[in-house]
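# Notes for the structure review
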Amino acid sequence: WGVVKRFFDIKGEYERIEEEIMGIYDNTNDKEQPIYKLERMVVRPDMQGQGVGTRALQQALEEADDTALPVMLGTQEERNVRFYKRLGFEVVRKDTIAGHTTWTMIRQSKN
């Protein structure tokens, strides 16, 4: 119940934060700039540390690069921040919502 409760505790406020961040990108240079949003990334615990998540996400990021669009995500796990940084994401915002820390990260397109 802990993960589900955390999700419901932060859902509304985090959606507001995401909209604020996406609005910054939409209004860049007075033109609309779409942004990809990574919703969920889960690797079974027994498969973690074997490169499964890295390979899956790299493929998705290459497809995003082909469109020259940035990718945004949010995580509530500090260990995930290091993982996503290795893949080129940067923390653009850190918030505490209902006692839970949330990092919002963006990876700019390589193209």
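One can find the structure itself at the top, above this paragraph.
Residues numbered from 1 in each chain as written. Predicted model: local features only at pLDDT ≥ 70, side-chain atom pairs only at ≥ 80, totals over all residues. Heavy atoms only, no water.

## Quick word on the overall build of the protein chain
When helices and strands are counted, the protein chain shows 3 helices and 4 strands. Out of the 111 residues belonging to the protein chain, those deemed buried represent 31%. Partitioning the intrachain contacts of the protein chain with sequence separation of at least 6 by distance along the chain shows that 67% fall at a separation of at least 24. Accessible surface, the protein chain: about 7,400 Å² in total, of which carbon and sulfur atoms supply 48%. (Helix = DSSP H or I, 4+ residues; strand = E, 2+ residues; numbered from the N terminus. Buried < 20%, exposed > 50% of the residue type's maximum accessible area, 1.4 Å probe, protein only. Contact = heavy atoms within 4.5 Å. Areas by Shrake-Rupley, 256 points an atom, 1.4 Å probe, with all protein chains shown as cover.)

## A few points about the environment of Met105
With respect to the secondary-structure elements, Met105 resides in strand 4 (residues 100–107). Put simply, Met105 and Leu73 are 32 residues apart on the chain and 5.4 Å apart in space, counted from C-alpha to C-alpha. Not counting residues up to four positions away in its chain, the partners in contact with Met105 are Val71, Met72, Leu73, Val81, Tyr84, Lys85, Phe89, Glu90, Val91 and Val92.

## Considerations on the nonpolar core
Leu57, Leu61, Ala64, Val71, Leu73, Val81, Phe83, Tyr84, Leu87, Phe89, Trp103 and Met105 together form the largest nonpolar core, which totals 12 residues. Contributing elements (two or more residues each) for this core: helix 2 (52–67), strand 2 (71–75), helix 3 (78–86) and strand 4. When neighbours within four sequence positions are excluded, Leu61 is seen to be in contact with Val71, Leu87, Phe89 and Arg107. Ile21, Met72, Ile97 and Ile106 belong to the second-largest nonpolar core, a separate cluster that totals 8 residues. (Core = buried A, V, L, I, M, F, W, Y, C linked by side-chain atoms within 4.5 Å.)

## Thoughts on the pairing of strand 2
Burial analysis of strand 2 places 4 of its 5 residues in the buried class, the great majority of the element. For the segment spanning strand 1 (residues 36–37), helix 2 and strand 2, crossover handedness is right-handed. Pairing of strand 2 with strand 4 involves 5 bridges; the strand directions are antiparallel. The partner of Met72 across the bridge, within strand 4, is Ile106. (Right-handed = clockwise from strand over helix to strand, strands pointing away. Pairing = 2+ DSSP bridges.)

## Re the sheet that holds strand 3 (residues 90–97)
Two pairing modes exist for strands in a sheet, parallel and antiparallel, and in both the strands are linked by backbone hydrogen bonds. The strand order 1-2-4-3 describes an open sheet built from 4 strands, whose pairing is mixed. Every interior strand has two partners, whereas the edge strands, strand 1 and strand 3, have only one. Pairing of strand 1 with strand 2 involves 2 bridges; the strand directions are parallel. Bridge assignment links Tyr36 to a residue of strand 2, and that residue is Val71. Seen against the sheet, helix 3 touches strand 2, strand 3 and strand 4 and runs at an angle of roughly 5° to strand 4. (Axes fitted to C-alpha atoms, helices over the stretch in contact; angles between N-to-C directions.)

## Section: the packing of aromatic side chains
Considering all chains together, one arrives at 2 aromatic pairs under this definition. Ring geometry for Phe83 against Tyr84: centres 5.1 Å apart, planes inclined by 65°, an arrangement best described as edge-to-face. Phe83 sits in the buried class, given a relative accessible area of 17%. The buried category is assigned to Tyr84, whose relative accessible area is 7%. One aromatic cluster is present, built from ring pairs that chain together Phe83, Tyr84 and Phe89. (Phe/Tyr/Trp six-rings, centres within 6.5 Å; stacked < 30°, edge-to-face > 60°.)

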